[in-house]
Amino acid sequence: MRLLRNRSDLDFLQSVKRDHELVLVPTMGALHEGHLSLVEQASRWGTVVVSIFVNPTQFGPNEDFASYPRNLDLDLEMLRSLDVAAVFAPETSLLYGQEVGVTVQPGSRSAGLCGDDRPGHFAGVLTVVAKLFGLVQPDVAVFGRKDAQQCLVIDQMVEDLRMPVKLVDCPTFRETDGLAMSSRNRYLNEEQRIRSRCLVTALRAGRSLLEQGERNPVVIQAGMEKELASADEVVYAQVRGVPGLDVNPEVTGRLLLAVSARIGTTRLIDNFVLEITDNGVQDGSLLGLE
Ligand code: AMP
């Protein structure tokens, strides 16, 4: 497994691309089993490169950029046992220059949900993803369904800017009690960790209402919010259409149940991607490839 740090190191990837599909898994490090599940699935599509970069531009001024967990040695150790050809861990100066640079502004899919709560977040995400795509030039890029709005916002960028990369979304990897794995779970103390289960409980309640035939999003949202009562703040509990993240008066087809809540000061997100079919409510995917 090679460690790529600067621009000339990236020549290695071009040599790989001559014979193999190159698959990029972008991460911010502090790796957990959720990231590893993405890497495992990525290797089905070709030769895997994992990027590790804590992107400053996607954090708001009062967010956790400074305290975000960083441990490159441990991350490399975790990746060594997997089928990873290279880890790209650039210095900030390789991605951001001194001048005020070009940024990528998100389209309609950034409206609402995390887009409202974290102004500028998706512009930061798109800008760094576009830079990573430019440097690595992957044929395929793999993202987690856990960050559903992020997947859909990136999909809209790739489509609108005609970027030659295929996107894959992978299922959310969970702790045994259902909590979605996240690098931010390590901020939770024991008592908060127990309360953090309310996010998945809320999503299960939303799904159960759908399974009982409920199609009014307002009723489903209220059912999810009720289950978030033990959180310190409900950021959102919403039902949206997939892939456009549109708000519809009645729930049909592919949909996203999305929740975000603060447990202590830690902001957590989770979602279920579902599809209403003639055979009932089934698990769905965001981008159609998995
Ligand atoms: P992050 O390091 O948090 O930016 O995440 C890097 C990638 O891993 C993103 O595509 C995330 O959606 C994905 N990811 C994070 N947590 C999980 C999880 N629990 N299951 C699957 N994918 C995840």
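Residues numbered from 1 in each chain as written. Predicted model: local features only at pLDDT ≥ 70, side-chain atom pairs only at ≥ 80, totals over all residues. Heavy atoms only, no water.

**Q** Explanation requested: the overall build of the protein in the structure shown.
**A** Of the regular secondary structure elements, the protein holds ten helices and ten strands. For 290 residues, the compact-globule formula gives about 19 Å, and the C-alpha radius of gyration of the protein, at 19 Å, lands near that figure. Taken over the C-alpha atoms alone, the protein extends approximately 55 × 40 × 40 Å along its principal axes. When the 290 residues of the protein are sorted by exposure, 53% land in the buried category. (Helix = DSSP H or I, 4+ residues; strand = E, 2+ residues; numbered from the N terminus. Rg over C-alpha atoms; globule rule 2.2 N^0.38 Å. Buried < 20%, exposed > 50% of the residue type's maximum accessible area, 1.4 Å probe, protein only.)

**Q** Would you mind going over the environment of Gly244 with me for this structure?
**A** You can see Gly244 is positioned in the loop between strand S7 (233–241) and strand S8 (254–263). C-alpha separation for the pair Gly244 and Arg195, spaced 49 residues apart in sequence, amounts to 31 Å.

**Q** Looking at this structure, I do not really get the sheet that holds strand S1 (residues 2–4). What am I missing?
**A** Within a sheet, neighbouring strands are paired by backbone hydrogen bonds and run either parallel or antiparallel to one another. With respect to topology, six strands assemble into an open sheet ordered S1-S4-S3-S2-S5-S6, the strand pairing being parallel. The open sheet has two free edges, formed respectively by S1 and strand S6 (166–170), since each of these has just one partner strand. Going across the sheet, the axis of each strand differs from the next one's by a mean of 25°, ignoring polarity. Sheet topology places strand S5 (residues 140–144) next to S6; five bridges connect them, and they run parallel. Looking across to S6, one finds that Ala141 is bridged to Leu167. (Pairing = 2+ DSSP bridges. Axes fitted to C-alpha atoms, helices over the stretch in contact; angles between N-to-C directions.)

**Q** Can you walk me through the sheet that holds strand S10 (residues 280–283) in this structure?
**A** What the four strands build is an open sheet, ordered S7-S8-S9-S10; its pairing is antiparallel. A strand with exactly one partner marks an edge of an open sheet, and here the two such strands are S7 and S10. When strand polarity is set aside, the average angle formed by the axes of neighbouring strands in this sheet is 25°. Note: S7 against S8, eight bridges, orientation antiparallel. The residue of S8 that forms the bridge with Val239 is Leu257. Strand contacts of helix H10 (residues 217–227): S7 and S8, with the helix running at about 150° to S7, the strand carrying the most contacts. (Contact = heavy atoms within 4.5 Å.)

**Q** How do you make sense of the site of the ligand when you look at a structure like this?
**A** Around the ligand sit 16 residues in total, of which His35, Gly144, Asp147, Phe173 and Met181 are the nearest. Measuring from an oxygen atom of the ligand, one finds a backbone N or O atom of Gly144 at 2.8 Å. Interatomic distance of 2.8 Å between a backbone N/O atom of Phe173 and a nitrogen atom of the ligand. Considered on its own, the ligand offers 490 Å² of accessible surface; in the complex 92% of this is hidden by protein. (Near = heavy atom within 4 Å. Polar contact = N/O pair within 3.5 Å; in protein donor to acceptor, adjacent residues only side chain to side chain. Areas by Shrake-Rupley, 256 points an atom, 1.4 Å probe, with all protein chains shown as cover.)

**Q** Is there a simple way to explain the pairing of S8 in this structure?
**A** Both faces of the sheet carry side chains from a regular strand, because those side chains alternate between them. For S8, the buried fraction is high: eight of the ten residues fall into the buried class. Of the pairings in the sheet, the one linking S8 to strand S9 (residues 266–277) comprises ten bridges and is antiparallel in character. Bridging from a neighbouring strand, Leu256 pairs with Val273 of S9. With antiparallel pairing between neighbouring strands as the criterion, S8 and S9 make up a hairpin whose turn holds two residues, including Gly264 at a positive phi of roughly 65°.

**Q** Please explain the packing of aromatic side chains as it appears in this structure.
**A** To describe a pair of aromatic rings, one takes the distance between the centres and the angle between the planes. In this structure the tally under the stated criterion is three aromatic pairs. An aromatic cluster of three or more residues is present, and its members are Phe59, Phe65 and Tyr68. Its end group placed over the ring of Phe65, Arg70 keeps NZ or CZ at 4.8 Å from the ring centre. (Phe/Tyr/Trp six-rings, centres within 6.5 Å; stacked < 30°, edge-to-face > 60°. Lys NZ or Arg CZ within 6 Å of the ring centre and 35° of its normal.)

**Q** Before we go on, may I ask you to explain the pattern of salt bridges in this structure?
**A** Oppositely charged side chains may form a pair once their charged atoms are brought near each other. Taken as a whole and assessed by the stated rule, the structure comprises 17 salt bridges. Note that Glu91 is salt-bridged to Arg5, the shortest N-O span being 3.8 Å. Of the two residues, Glu91 sits in the loop between strand S4 (86–88) and helix H4 (92–95) while Arg5 sits in the loop between S1 and helix H1 (11–17), which places them 86 residues apart along the sequence. With relative accessibility at 31%, the residue Arg5 sits in the partly exposed group. The closest approach of N and O atoms between Arg80 and Glu77, which form a salt bridge, is 3.0 Å. In this pair, Arg80 and Glu77 both sit in helix H3 (residues 72–80), three residues apart, roughly one turn of the helix. Shared partners join several salt bridges into a network, and the residues in it are Asp117, Glu233, Arg262 and Arg267. (Salt bridge = Lys/Arg side-chain N within 4 Å of Asp/Glu carboxyl O.)

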